[in-house]
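Inside the fold
Each chain, written out:
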Amino acid sequence: MNTNLGVVVIGAGAMGCFFAARLAETGHRVSVVDVDAARLAAIAGQGLALEDDGGARTVHVGAITAAQLSGPADLLIVFTKGMHTASAIAAASAAIGPDTAVVTLQNGLGNAEVIAHHALPRQIVFGVTDLPADFHTPNRVSSHGAGKIALWSMIDAATPAVERAHAALTLAGFAATIDPQTQARVWEKLAFNAALNPLAALLGVPVGGLNTPEARSLAARVVDEVCAVAAKLGIAPDRAQINARIDHALRTHTLHKPSMLQDVLARRATEVAFINGAVAERGEAHGVPTPLNRMLADLVRVREAVPEGLAVAG
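Conventions used here
- Residues numbered from 1 in each chain as written.
- Predicted model: local features only at pLDDT ≥ 70, side-chain atom pairs only at ≥ 80, totals over all residues.
- Heavy atoms only, no water.
- Buried < 20%, exposed > 50% of the residue type's maximum accessible area, 1.4 Å probe, protein only.
- Helix = DSSP H or I, 4+ residues; strand = E, 2+ residues; numbered from the N terminus.
- Contact = heavy atoms within 4.5 Å.
- Polar contact = N/O pair within 3.5 Å; in protein donor to acceptor, adjacent residues only side chain to side chain.
- Core = buried A, V, L, I, M, F, W, Y, C linked by side-chain atoms within 4.5 Å.
- Pairing = 2+ DSSP bridges.
- Axes fitted to C-alpha atoms, helices over the stretch in contact; angles between N-to-C directions.
- Salt bridge = Lys/Arg side-chain N within 4 Å of Asp/Glu carboxyl O.
- Phe/Tyr/Trp six-rings, centres within 6.5 Å; stacked < 30°, edge-to-face > 60°.
- Lys NZ or Arg CZ within 6 Å of the ring centre and 35° of its normal.
- Right-handed = clockwise from strand over helix to strand, strands pointing away.

It is worth spelling out helix H10 (residues 276-285) at this point. Taken as a whole, H10 has its buried residues at Asn276, Gly277, Ala278, Val279, Ala280 and Gly283. The elements touched by buried residues of H10 are helix H6 (182-203), helix H7 (213-232) and helix H11 (291-305). The first or second residue beyond H10 is Gly287, which carries a positive phi of 70°.

So, in structure tokens, the structure goes:
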């Protein structure tokens with residue numbers, strides 16, 4: 001097994017840095033790519049301070065801009081938010097050669113299709129993970145607790161790209177599987193995010209603030225729409241798993257602020273177009289009513305557009 005791959009991680013956020021550090025620990029030549037000069041300088045100068053269930057340590061990785069990429073990588077992993085995928089993958093196209101395995105573990109729908117403008121479908125690996133990761137300073141990331149990764153190919157086959165990604169992630173200690181049902185797993189996570197993230201963002205509350213009969217009812221109806229669209233597309237997400245995950249989050253992740261809420265509070269663009277918006281678009285294209293997902297997507301966009309002087313402090 002080749003333990004000396006050239007790995008490029010696009011996006012130096014919490015997940016990108018967590019994966020970069022773990023992959024670098026196995027001997028791979030890893031670089032994180034970002035547009036945040038201050039973060040890149042901190043990572044380059046001090047390394048990544050990683051804390052997980054294995055303890056605290058410092059891991060050194062490359063930290064560069066896309067313009068500094070010098071040639072094709074063996075493995076490229078995209079961890080930007082969906083609205084940045086197109087610009088990020090275009091800027092990093094120098095790292096994509098004919099044999100590069102390009103992996104997306106991003107939230108929402110449509111990222112693999114965007115990546116396909118710069119890589120062949122046989123090179124593209126899509127997947128989903130429920131691993132947690134939190135960023136604390138420009139170079140310190142933590143992750144605690146168990147999580148899994150499911151991987152599959154854009155051409156619906158166990159390709160060399162899938163096998164390379166699986167081998168690298170498994171060697172780094174991740175619980176990764178090559179799963180032909182990964183598309184269903186993606187839609188399960190999509191349903192979870194569609195149900196909770198926009199409600200938290202619009203109401204300005206952490207997950208625990210949604211543990212009411214009314215919010216649970218809204219979340220269940222959002223999930224109904226997501227599953228109806230998936231069924232129309234021939235995808236069968238496990239509704240029991242979605243319900244269990246939502247219930248677990250409402251009861252135990254009471255103080256967690258979903259990324260969509262964090263983005264609204266920080267006056268950043270959200271990923272709603274790739275979550276509720278993507279569900280609504282696919283529903284409309286296939287004759288499946290998705291009024292709640294459309295409304296939530298529209299309301300989050302309205303909230304994003306509120307001028308700073310008109311926003312009410314939380």
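On the secondary structure map, Trp152 appears in strand S11 (residues 148-153). On the accessibility criterion, Trp152 (9% relative accessible area) is buried. Setting aside residues no more than four positions away along its own chain, Trp152 makes contact with Ile124, Val125, Phe126, Ala157, Ala158, Val162, Ile178, Asp179, Pro180 and Thr182. There is a polar contact of 2.6 Å between the side chain of Trp152 and the side chain of Asp156.

Counting residues in hydrophobic clusters, the biggest one holds 63 residues, and the most contacted among them are Leu76 and Leu196. Per element, the largest residue contribution to this core is twelve residues, and it comes from H6. Once you skip the residues sitting within four places of it in the chain, Leu196 turns out to touch Leu210, Ala219, Ile246, Ala249 and Leu250. If you look at the next biggest cluster of nonpolar residues, it comprises 42 residues, including Ala21, Ile43, Val141 and Ala161.

Once that is clear, we can look at the sheet that holds strand S10 (residues 140-142). With mixed pairing, the four strands of this open sheet are ordered in space as S4-S3-S10-S9. Each edge of the open sheet is held by one strand with a lone partner, namely strand S4 (55-59) and strand S9 (134-137). Neighbouring strand axes in the sheet, compared pairwise and without regard to direction, differ in orientation by 25° on average. In terms of strand pairing, S9 meets S10 through three bridges, oriented antiparallel. Residue pairing across strands places Phe135 opposite Val141, the latter belonging to S10. Running at roughly 90° to strand S3 (residues 48-52), helix H1 (residues 14-25) makes contact with S3, S4, S9 and S10 of the sheet.

Tallied over the entire structure, the rule returns 14 salt bridges. Taking the shortest distance from any N to any O, the salt bridge between Asp52 and Arg57 comes out at 2.5 Å. With relative accessibility at 7%, the residue Asp52 sits in the buried group. With relative accessibility at 24%, the residue Arg57 sits in the partly exposed group. A salt bridge links Arg251 to Asp247; the shortest N-O distance between them is 2.7 Å. Of the two residues, Arg251 and Asp247 are both situated in helix H8 (residues 239-252); the distance of four residues between them amounts to about one turn of the helix.

What follows concerns the packing of aromatic side chains. Taken as a whole, this structure holds four aromatic pairs when the rule is applied. Centroid distance Phe18 to Phe19: 5.8 Å. Interplanar angle 85°. Geometry classified as edge-to-face. Pair check on accessibility: Phe18 and Phe19 agree, each one buried. Taken together, a centroid distance of 4.4 Å and an interplanar angle of 10° make the contact between Phe19 and Phe174 stacked. Taken together, the residues span a long stretch of sequence, with Phe19 in helix H1 and Phe174 in the loop between helix H5 (160-171) and strand S12 (175-178) at a distance of 155 residues. Each member of the pair Phe19 and Phe174 is classed as buried. An aromatic cluster is present here, built from Phe18, Phe19, Phe79 and Phe174 joined pairwise through their rings. When the ring centre of Phe192 is taken as origin, the NZ or CZ atom of Arg245, which lies over that ring, is 4.4 Å away.

Counting through the fold element by element, Asp52 comes out in strand S3. Polar contacts involving the side chain of Asp52 include one to the side chain of Arg22, which spans 3.4 Å. In this structure the side chain of Asp52 is engaged in a polar contact, spanning 2.8 Å, whose partner is the backbone nitrogen of Gly54. Excluding its chain neighbours within four sequence positions, the residues that come into contact with Asp52 are Phe18, Arg22, Arg57, Ser143 and His144.

Counting buried residues in strand S2 (residues 29-33) gives four out of five residues, a clear majority hidden from the surface. Inspection of the sheet shows strand S1 (residues 6-10) paired to S2 by five bridges, in the parallel sense. When the bridges of S2 are listed, Val8 appears paired with Ser31. As for the winding sense of the linkage, the β-α-β connection from S1 through H1 to S2 is right-handed. Bridging between S2 and strand S5 (residues 62-64) involves three bridges; their strand directions are parallel.

This next bit is on unusual backbone geometry. A positive phi angle, close to 60°, is found at Asp156, a residue other than glycine. Not every positive phi belongs to a glycine, and Arg267 is a case in point at roughly 60°. Here Arg267 lies in the loop between helix H9 (259-265) and H10.

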